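Notes for the structure review
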Amino acid sequence: MLDVKNIYKNFGDLKVLEGVSTQIAEGEVVAIIGASGSGKSTLLRCMNLLETPTFGEVWMDGKLLTPVDPYLHPEVIMASKTYKKLSAAGMSSEDAVAKIKAEDLINEKFSAAEGKEYRAEMKKIYDENHIDINLARQNMGMVFQQFNLFNNKSVLENVTLAPMKTRAKQMIKEGKSKKEVKEYFNGKAMALLNRIGLEDKANAYPSTLSGGQKQRIAIVRALAMEPKVMLFDEPTSALDPEMVGEVLDVMKGLAKEGMTMICVTHEMGFAREVADRVLFMHEGVIAESGTPDEIFNNPKHPKLQQFLGCVL
Amino acid sequence: MYLITMFEDMGKIFVKYWDLFLIKGVTATILLSLMTVFFGTVIGALLALVKISKIKPLKWLVNAIVEIIRGTPMLLQLYISTFLIPVIIPAMNELENKKILCISFTLILNSAAYVSEIIRSGIEAVDKGQTEAARSLGLNGTTTMIQVVLPQAVKNILPALGNEFITVIKETSLASTFYVGELMTQYHVIVGKTHNSLPILMIIGIIYFVLNFVLSKLLGVFERRMKAHA
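Residues numbered from 1 in each chain as written. Chains lettered and ligands numbered in written order. Predicted model: local features only at pLDDT ≥ 70, side-chain atom pairs only at ≥ 80, totals over all residues. Heavy atoms only, no water.

Observations concerning the pairing of strand β9 (residues 277-282) of chain A
Residues and elements named next belong to chain A. Of all the six residues making up β9, five are buried; the element is thus mostly covered by neighbouring parts of the structure. Where strand β3 (residues 29-33) and β9 come together, four bridges link them in parallel fashion. From the neighbouring strand, Ala31 faces β9, where its bridge partner is Val278. Alignment of β9 against strand β10 (residues 285-290), held across five bridges, turns out to be antiparallel. Counted as the bridge partner of Met281 is Ile286 from β10. The turn joining β9 and β10, which pair antiparallel and follow one another in sequence, is formed by two residues; a positive phi near 50° is taken by Glu283. (Buried < 20%, exposed > 50% of the residue type's maximum accessible area, 1.4 Å probe, protein only. Helix = DSSP H or I, 4+ residues; strand = E, 2+ residues; numbered from the N terminus. Pairing = 2+ DSSP bridges.)

Laid out in structure tokens, this is it:
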């Protein structure tokens, strides 16, 4: 469902991600753990392009979200002038591609320098596979550490805003009246709020809610778009301890229903209990991945052993 | 003793010329300020949008203009524009009120420069997480701006905009250099008749003070109300 290919992310000189690849299957619950600064939040934010990866590609359901990364497509490399130069110098095709990849010889900023064919090849791949990021994000819910409920909107408006703004037009085109559409989305939002037991807060404003309530509503707000995958960025880290449980319960419920979930988390109990797969990140790469049993009961990477020693 | 005479003179002059002070002067000052703030805000908002946009050349241009305006004295700008604009647009010379046009233009541009900074910082003060949350739901940049960022930015912007209004009221006095009829111009008019400067200046000072004091109190009430609704 989600295919992350060789993601690099630099913030200026700071290298946060250094080649991360992973595939997330439908219905899979993946927990990402690791010390702070290991790049786990950045990886999550690269998945829905809140951060644009410096290199690498993100694919969702066979659609490309990022720009084309030439290094991931041998046919693009072979269309480049750099490749032709190496070929002309008598290098074999495989060696030339490997050398270009290893030594970062394609000058992306000046892709004009790589010639027409190269650009045409890039454009072809882009045009065939690319999907507008706003459309893609409608299928990827995200929950933030700081909740980020819209402060200027009531709880109900928080939940209905995105569906109304992205889906109402189509429904009105199909012959529904504005009022019907609004009632439809309000009804759906109320059902979702009911599910987390907060329907009585529908008209309240975020500033009047507790952290736990805010985060549960933030989850529901993302669910209102009926996403195929949910991204959680340390959803319980900013909560008072007594509120962590209520948020985790909502997440466990989602996992049980078969939602595809990727959770950056410090809740090892949650990861162990709910996740199908755990990724341990260290210094910008996935240092170890496996089932919760493998990760927690039989960690191999020394840094993982050290990390678990600290948090468990 | 001198003070008492001065107060007496103030009374006499005010009674004689109250219409020049209150009707002509205050009206012109308020009209000029209102117009400046209104158009300054509209243009300032546009400049602010350019500033937060990603169109680099336009951004540099706007930043340069804003910095030049903020970095040179208003009086100088008024002088330059009254000489320069008619040179650039010769048709201006045939207009009867070209002076007031040039001055309004300068006041508006000056105000727009400050307002653009107010609006830009107001927008940038809205938590980034708000934008990220909206974008993560699949809303585009424009919808995010209109639905989420701007309504919150307005709360940061309005109080500062009120202060800008007060500043503008005071700055319009510089336009008196060109006799455009606002409150400070009336000083020149009346002093020509009475040859007694200080009482007139005191009266004008009191009028400016009352105007701005009332305005700032009104803004205070408005601000408190807005906070209560937040």
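Things to note about the interface of chain B and chain A
Counting residues at the interface gives 17 residues for chain B, matched by 22 residues for chain A. Across the chain B-chain A interface, the total number found is one salt bridge. Across the pair Arg45(A) and Glu132(B) runs a salt bridge whose closest N-O atoms are separated by 2.6 Å. Our count for the chain B to chain A interface comes out at nine residue pairs in polar contact (both at pLDDT 80 or more). Within the residue set of the side of chain B that touches chain A, elements represented by two or more residues are α5 (128-136) and α6 (141-171) of chain B. At seven residues, α5(B) tops the list of elements feeding residues into the side of chain B that touches chain A. (Contact = heavy atoms within 4.5 Å. Salt bridge = Lys/Arg side-chain N within 4 Å of Asp/Glu carboxyl O. Polar contact = N/O pair within 3.5 Å; in protein donor to acceptor, adjacent residues only side chain to side chain.)

Regarding the packing of aromatic side chains
Geometrically, a pair of aromatic rings is defined through the distance of the ring centres and the angle of the planes. Applying the stated criterion across every chain yields a total of six aromatic pairs over all chains. Relative to Phe185(A), the ring of Tyr184(A) has its centre 5.2 Å away and its plane inclined at 65°; by these criteria the two rings are edge-to-face. Residue classification places Phe185(A) among the buried positions, given a relative accessible area of 7%. Both rings, one in Phe209(B) and one in Phe213(B), keep their centres 5.4 Å apart while their planes meet at 20°; by these two values the pair is stacked. Residue Phe209(B) and its partner Phe213(B) are both found in helix α8 (residues 197-229); the two are separated by four residues, about one turn of the helix. Here Arg221(A) stacks its cationic end above the ring of Phe150(A), 4.5 Å away from the centre of that ring. (Phe/Tyr/Trp six-rings, centres within 6.5 Å; stacked < 30°, edge-to-face > 60°. Lys NZ or Arg CZ within 6 Å of the ring centre and 35° of its normal.)

Considering the confidence of the model for chain B
Should the pLDDT be low somewhere, the predicted coordinates at that spot are not to be read in detail. All names here are of chain B. Model confidence for chain B is summarised by a mean pLDDT of 90, while 99% of its residues fall at 70 or above. Across chain B, element-level confidence peaks in α5 with a mean pLDDT of 96 and bottoms out in α8 with 88. Confidence metrics for the complex model read pTM 0.83 and ipTM 0.90. (pLDDT = per-residue confidence, 0-100.)

Overview of a nonpolar patch on the surface
Residue and element names in this part refer to chain B. Taken together, the side chains of Phe38, Phe39, Val42, Ile43, Leu46 and Leu49 make up a nonpolar region of the molecular surface, amounting to roughly 540 Å² of accessible area. Note that Phe39 resides in helix α1 (residues 2-52). Relative accessible area serves as the criterion here: at 40%, Phe39 is assigned to the partly exposed category. (Patch = residues over 30% accessible without salt bridge, like charges linked within 9 Å, V, L, I, M, F, W, Y side chains within 5 Å. Areas by Shrake-Rupley, 256 points an atom, 1.4 Å probe, with all protein chains shown as cover.)

Some thoughts on the pattern of salt bridges
Charged atoms that come close allow side chains of opposite charge to pair. All names here are of chain A. Applying the stated criterion across every chain, the model contains 17 salt bridges over all chains. For the salt bridge of Lys188 with Glu226, the shortest nitrogen-to-oxygen distance reads 2.5 Å. With Lys188 in helix α8 (residues 178-195) and Glu226 in the loop between α9 (211-223) and β7 (229-233), this residue pair connects regions lying 38 residues apart in the sequence. Under the relative-accessibility criterion, Lys188 is labelled partly exposed at 25%.

Section: the pairing of strand β1 (residues 2-11) of chain A
Residues and elements named next belong to chain A. Across eight bridges, the pairing between β1 and strand β2 (residues 14-24) is antiparallel. Of the residues in β2, the one forming a bridge with Asn10 is Lys15. The turn joining β1 and β2, which pair antiparallel and follow one another in sequence, is formed by two residues; a positive phi near 60° is taken by Gly12.

Here's the deal with the side chain of Ser116(B)
Within the secondary structure layout, Ser116(B) lies in helix α4 (residues 98-124). Each residue touching Ser116(B), except ones within four places of it in the same chain, is listed here: Gly44(B), Leu47(B), Ala48(B), Lys51(B) and Val66(B).

A word on the environment of Val42(B)
All names here are of chain B. Along the polypeptide, Val42 turns up in helix α1. Under the relative-accessibility criterion, Val42 is labelled partly exposed at 39%. As a C-alpha pair, Val42 and Val154 span 112 residues in sequence and 14 Å in three-dimensional space.

Re the sheet that holds β1(A)
Residue and element names in this part refer to chain A. Taken together, the four strands give an open sheet; going across it, the order is β2-β1-β4-β5, and neighbouring strands pair in antiparallel fashion. Strands at the two margins of the open sheet, each flanked by one partner only, are β2 and β5 (63-64). Where β1 and strand β4 (residues 55-60) come together, five bridges link them in antiparallel fashion. Opposite Tyr8, over in β4, you have Phe55 as the bridge partner. Packed onto the sheet, helix α1 (residues 40-47) meets β1, β2 and β4 and runs at close to 120° relative to β1. (Axes fitted to C-alpha atoms, helices over the stretch in contact; angles between N-to-C directions.)

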